[in-house]
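Here's the letter readout for the chains.
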Amino acid sequence: PLYLFDGQVWRGPPPTPSKQLPTSALGDARIMSRLRAAGLRLPAALEVKVHRILLRPLLKCWLTETTTEYEAVHFHAQLTAHAEEPPCEQEWSGAGWQWSKDLAPAPRKPDDPVLEFDLVTAQEVSARFADFRLVWQNAAGEWTRFITKNFPEEFLAWYASLPPGLDIDASPELTGLLGPPLRASVEISAAPAEGAGHRDWFDLTVALRVEDTTFTNDELALLLKARGKWVRLAKHGWRRLELDHSGTSDPAAATLARLGLHAEDVLAGGRPTVHRLHAIQLAAEAEAFAARDANLVARLRERAAAIVAMPPAELPTNLRATLRPYQKEGFQFLAHLSAHGFGGVLADDMGLGKTVQALAWLLHLAELARAQAATSGRTTPFRALIVCPKSVMHGWLTETERFAPSLTALSYTPTHAYGKRMPGPADLPGLLVVNYTQLRLQPDWFKSHTWDAVVLDEAQFVKNPSSQTSVIARSLHTAHRLALTGTPIENRLLDLWSLFAFAQPGLLGAQASFRRQYPVEDTTATSRLHRRVRHFLLRRTKAQVAPELPPRTEDEIVVDLEGPQRVLYDAELKRARAQLLGIETNKALDGVRFNVLASLLRLRQICCHAALISEAHAEMPSAKLDALLERLEELRDEGQQVLVFSQFVSLLELIRPRLVTADIEHLILTGQTENRAELVEKFQSDKTKTVFLLSLKAAGFGLNLTAASYVILCDPWWNPAVEAQAIDRTHRIGQTQPVVAYRLVAADTVEQKILAMQREKSALASAVVQEDSLANVLDLDSLRQILS
């Protein structure tokens, strides 16, 4: 219609519709849906003629892979809405909802009820397709999208947004996404170890129990590596694994922790691991096996009770020493181990008398051997092999003569290798004392004999498990094994593994397993390792067992490099820093590592005296030597004796003429010194010998120098245990004066950075029981820190 208004003709709205709705409109399902949506209610007379049909949505989805050069995985989906009575179905496509071919409802006859098709739920589902970035493929008649890295999470988030009432027909690959996660738990079991000689030893198996046993070990390893995230497996589709009670509240995890173990190696690879433990270790955790094996629990408790009930060993009657209470405890510890066929580690602090405790134990073994010989007809006498550094051999000979004269102690010489007979009197018990070098040079001779006992003194000499000396020591044939050391850990936890690989083979498992059990980055590894070895390692500190020892003070004497010495140092530091420019990884560092370490050594030498890098600098002043001589003159005037240590023998040679000029009486001991025992005795007895110049490597252990109450360390060393050993030459049983140790440190140099590294290593050692080459100790970050 047209309308006239204000002199113009306008096109107007159409007439309003009739208030009457033709009944023929009811035959159109689309109109009925609009009417329902608008909230319009039909008259009751018409309502009875309408039959409402719910079209239930069905989502069918699956995956395919393309085999072209652009390999990809595709997600496919089809959405339909269907009813059973009458049988009909609509499809959702890019053009909207349409009746499926051959599944449209039959045409309505005049007397048939009106069919109203309810697509509300199906339309809600179709409205969500855009959220999942699905694209309509008209030729294939399906919706698709690429699979991305985050597909599982995206699919589940999309599926959760779909309305209830949706049926889903998913391929097996996708079914895993919709079902519950695969569940697994750690379980432990124990069984007697197989083989002769394993009485009271058990194999503790740590395994992963999975509710679905159709998964292979490799598939479990992939699921475990994912740490609860989704993994697409070839035969199982998308799956993820959840561990039951994987935290500290898990009884199995708590049991393992108390035994010094953890299940991380099992959780990393899915394969069971086996650990060898003794009944005395497992007895406290017997309840953990009660539900699985009551007989095992009874056996563990019976054997542990029998072991504990054994009476303590009597001190040998022919021991010519009065043992302190803690030394008697150490003897009992060693006797207890040997009574059950164990080896062990005695790791008391330096100067607490490990040698006399070991001698008491060897006398005990000799007495037992004599008693057994009387009943068994044994004709060979007791023989023990003592392996120690060359500098300690004399100490074993003299202390054996002093404390255990019934044992004959002989020093091994190369001539012994030409004879097959065991050295020593044929009818007397005895010790053969050999140094580590001789053991390494004549391995066949030592392995050709069967020893009643083998003792490794200063056992840190075998801390490298792959060294020839370590391998030979482990291969010796002996009934009893003992490692003596004041520093069971110097740089790394593997040091302790190497000691026990000799003392109690198999206790800490294979080396690879040990590394997995006690990784460097695990902050709990040290405490667990302590619990693991506590039955076989005894360590007491001086503060614990010898409070009567005079106090020990450690201090630093800081000197400033000046003049040409500082200029030379700064120039070398600049060169060292330049070598690290552009080095970003430890792998890249390998190409320049030797040169950087060489520069680092020169820096340390310049801090002591520039003449150490070149004789051309012999006349250059040295701040350290000036400070050292000043302190030595003061101590001489006070009547004190002093130990002066340096790792640089050439520095000791530079100090000697300064001592002569200052009229300071002195002695010197290095690796080339032959009359070590004579020099030690002279220093101990002659108070006029004010200074004893000592090579840190040659004299850092095995010497008793309690005449001195002052120690001066001329150059800080990387390993704090080495310096502690040096100071313990005087701070030991027999010392009556307070001990003062000084470190000469050059200010604003690498030496101060070295001291910081020392503190880190000291914390490592004390965490477990109370050296590696520099190429392994110093990584890129360490070098940057030192040279900064």
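Thresholds applied
- Along each chain, the written sequence defines residue order, and numbers are assigned to residues from 1.
- Totals for whole chains, interfaces and linings use every residue, but because this is a predicted model, local features are given only for residues with pLDDT of at least 70 and side-chain atom pairs only at 80 or more, for both listing and counting.
- The basis for every side-chain value is the complete set of non-hydrogen atoms in the structure, without hydrogens or water.
- Labels follow the DSSP assignment, with helices taken as runs of H or I lasting at least four residues and strands as runs of E lasting at least two, numbered in each case from the N terminus.
- For the exposure calls, accessible area comes from a 1.4 Å probe over protein chains only, and a residue counts as buried if that area is under 20% of its type's maximum, exposed if over 50%, partly exposed in between.
- Note on areas: these come from Shrake-Rupley sampling with a 1.4 Å probe, and a residue is covered only by the protein chains present in the view.
- DSSP calls a pair of strands paired once it identifies at least 2 bridges connecting them.
- Only the contacting stretch of a helix is used when fitting its axis, a line to C-alpha atoms as for every element, and angles between N-to-C directions run 0 to 180 degrees.
- Note on definitions: a residue-residue contact is assigned when non-hydrogen atoms from the two residues lie within 4.5 Å.
- Side-chain atoms within 4.5 Å are what join buried Ala, Val, Leu, Ile, Met, Phe, Trp, Tyr and Cys residues into a set we call a nonpolar core.
- Two aromatic rings from Phe, Tyr or Trp, using only the six-membered ring of Trp, form a pair when their centres are within 6.5 Å; if the ring planes differ by under 30 degrees the pair is stacked, by over 60 it is edge-to-face, and anything between is tilted.
- The rule is short: NZ of Lys or CZ of Arg within 6 Å of the ring centre and within 35 degrees of the ring normal puts a charge over the ring.
- When a carboxyl oxygen of Asp or Glu is within 4 Å of a side-chain nitrogen of Lys or Arg, the pair counts as a salt bridge.
- Note that the term roughly parallel is reserved for angles under 35 degrees, roughly antiparallel for angles over 145, roughly perpendicular for angles of 65 to 115, and oblique for everything else.
- Should the near helix be turned counterclockwise from the far one by less than a right angle, the crossing is left-handed, whereas a clockwise turn marks it as right-handed.
- Classification used: nonpolar for Ala, Val, Leu, Ile, Met, Phe, Trp, Tyr, Cys and Pro, charged for Asp, Glu, Lys and Arg, polar for all others including Gly.

## A closer look at the overall build of the protein
Here is step 1 of the chain: Secondary structure assignment for the protein yields 31 helices and 30 strands.
Here is step 2 of the chain: Each of the 788 residues in the protein was classed as buried or not, and the buried ones make up 50%.
Here is step 3 of the chain: In the structure as shown, the protein presents an accessible area of about 39,000 Å², 53% of it carried by carbon and sulfur atoms.

## Quick look at the sheet that holds strand 13 (residues 201–210)
Here is step 1 of the chain: The four strands lie next to each other as 16-12-13-17, forming an open sheet whose pairing is mixed. For this open sheet the edge positions go to strand 16 (241–243) and strand 17 (273–278), each flanked by a neighbour on one side alone. Strand-to-strand twist of the sheet, defined as the mean angle between neighbouring strand axes without regard to direction, takes the value 30°.
Here is step 2 of the chain: In this sheet, strand 17 lies alongside strand 13 in antiparallel orientation, the contact comprising six bridges. Across the sheet, the residue bridging to Trp201 is His278, located in strand 17.
Here is step 3 of the chain: Docked against the sheet, helix 6 (residues 217–225) engages strand 12 (182–192), strand 13 and strand 16, running at close to 70° with respect to strand 16.

## Quick notes on the sheet that holds strand 18 (residues 344–346)
Within a sheet, adjacent strands bond to each other through the backbone by hydrogen bonds, running parallel or antiparallel.
Here is step 1 of the chain: Here seven strands make up an open sheet; going across it, the order is 20-21-19-22-23-18-24 and the pairing parallel. With one partner strand each, in any of the chains shown, strand 20 (408–411) and strand 24 (537–538) form the two edges of the open sheet.
Here is step 2 of the chain: The pairing of strand 19 (residues 383–388) with strand 21 (residues 430–435) spans six bridges and is classified as parallel. Its bridge partner being in strand 21, Leu385 is matched across the sheet by Leu432.

## Points about the nonpolar core
Here is step 1 of the chain: Among the nonpolar cores identified, the biggest contains 109 residues, and Leu204, Leu362, Trp396 and Phe446 are the most heavily contacted of them.
Here is step 2 of the chain: At 10 residues, helix 12 (residues 354–376) tops the list of elements feeding residues into this core.
Here is step 3 of the chain: The contact partners of Leu362, leaving out residues within four places of it in the chain, are Phe382, Ala384, Ile386, Trp396, Leu407, Leu431, Ala453 and Val455.

## Observations concerning the packing of aromatic side chains
Here is step 1 of the chain: Overall, the coordinates contain 27 aromatic pairs when judged by the stated rule.
Here is step 2 of the chain: For the pair Phe132 and Trp158, a centre-to-centre distance of 4.6 Å together with 5° between the ring planes defines the contact as stacked. Placement of the pair is Phe132 in the loop between helix 3 (120–126) and strand 9 (135–137) and Trp158 in helix 4 (residues 151–161), with a sequence separation of 26 residues.
Here is step 3 of the chain: Classification of Phe132 as buried rests on a relative accessible area of 2%.
Here is step 4 of the chain: Among the residues examined, Trp158 registers a relative accessible area of 4% and is labelled buried.
Here is step 5 of the chain: Taking 6.2 Å as the distance between ring centres and 15° as the angle between the ring planes, the aromatic pair formed by Trp201 and Phe536 counts as stacked. Residue Trp201 is found in strand 13, and its partner Phe536 is found in the loop between helix 19 (525–533) and strand 24; the two are separated by 335 residues along the sequence.
Here is step 6 of the chain: You can call Trp201 buried: its relative accessible area is 9%.
Here is step 7 of the chain: The residue whose ring lies beneath Lys60 is Trp62, and the NZ or CZ to ring-centre distance is 5.8 Å.

## Quick notes on the pattern of salt bridges
Here is step 1 of the chain: As enumerated under the stated definition, the model contains 33 salt bridges in all.
Here is step 2 of the chain: A salt bridge links Arg56 to Asp167, with the nearest nitrogen and oxygen atoms 2.7 Å apart. Taken together, the residues Arg56 in strand 4 (residues 56–65) and Asp167 in strand 11 (residues 167–170) connect sequence positions 111 residues apart.
Here is step 3 of the chain: A salt bridge links Arg232 to Glu65, with the shortest nitrogen-to-oxygen separation between them at 3.1 Å. In this pair, Arg232 is assigned in strand 14 (residues 231–233) and Glu65 in strand 4, connecting sequence segments 167 residues apart.
Here is step 4 of the chain: Owing to a relative accessible area of 29%, Arg232 belongs among the partly exposed residues under this scheme.

## So, the side chain of Gln605
Here is step 1 of the chain: One can find Gln605 in helix 23 (residues 593–608).
Here is step 2 of the chain: Aside from chain neighbours lying at most four places away, what touches Gln605 is Ala610, Leu612, Ile613 and Phe648.

## Comments concerning the packing of helix 11 (residues 325–339) against helix 12
Here is step 1 of the chain: For the pair helix 11 and helix 12, interaxial distance at closest approach is 9 Å and the crossing angle is 40°. In this view, helix 11 runs oblique relative to helix 12, as classed from their interaxial angle. As for the relative orientation of helix 11 and helix 12, their crossing is right-handed in sense. Across the interface between the two elements, Tyr326, Gln327, Gly330, Phe331, Leu334, Ala335 and Ser338 from helix 11 touch Val356, Gln357, Ala358, Ala360, Trp361, His364 and Leu365 from helix 12.
Here is step 2 of the chain: Here the contact of helix 11 with helix 12 is built from residues that sort into nine nonpolar, five polar and no charged.

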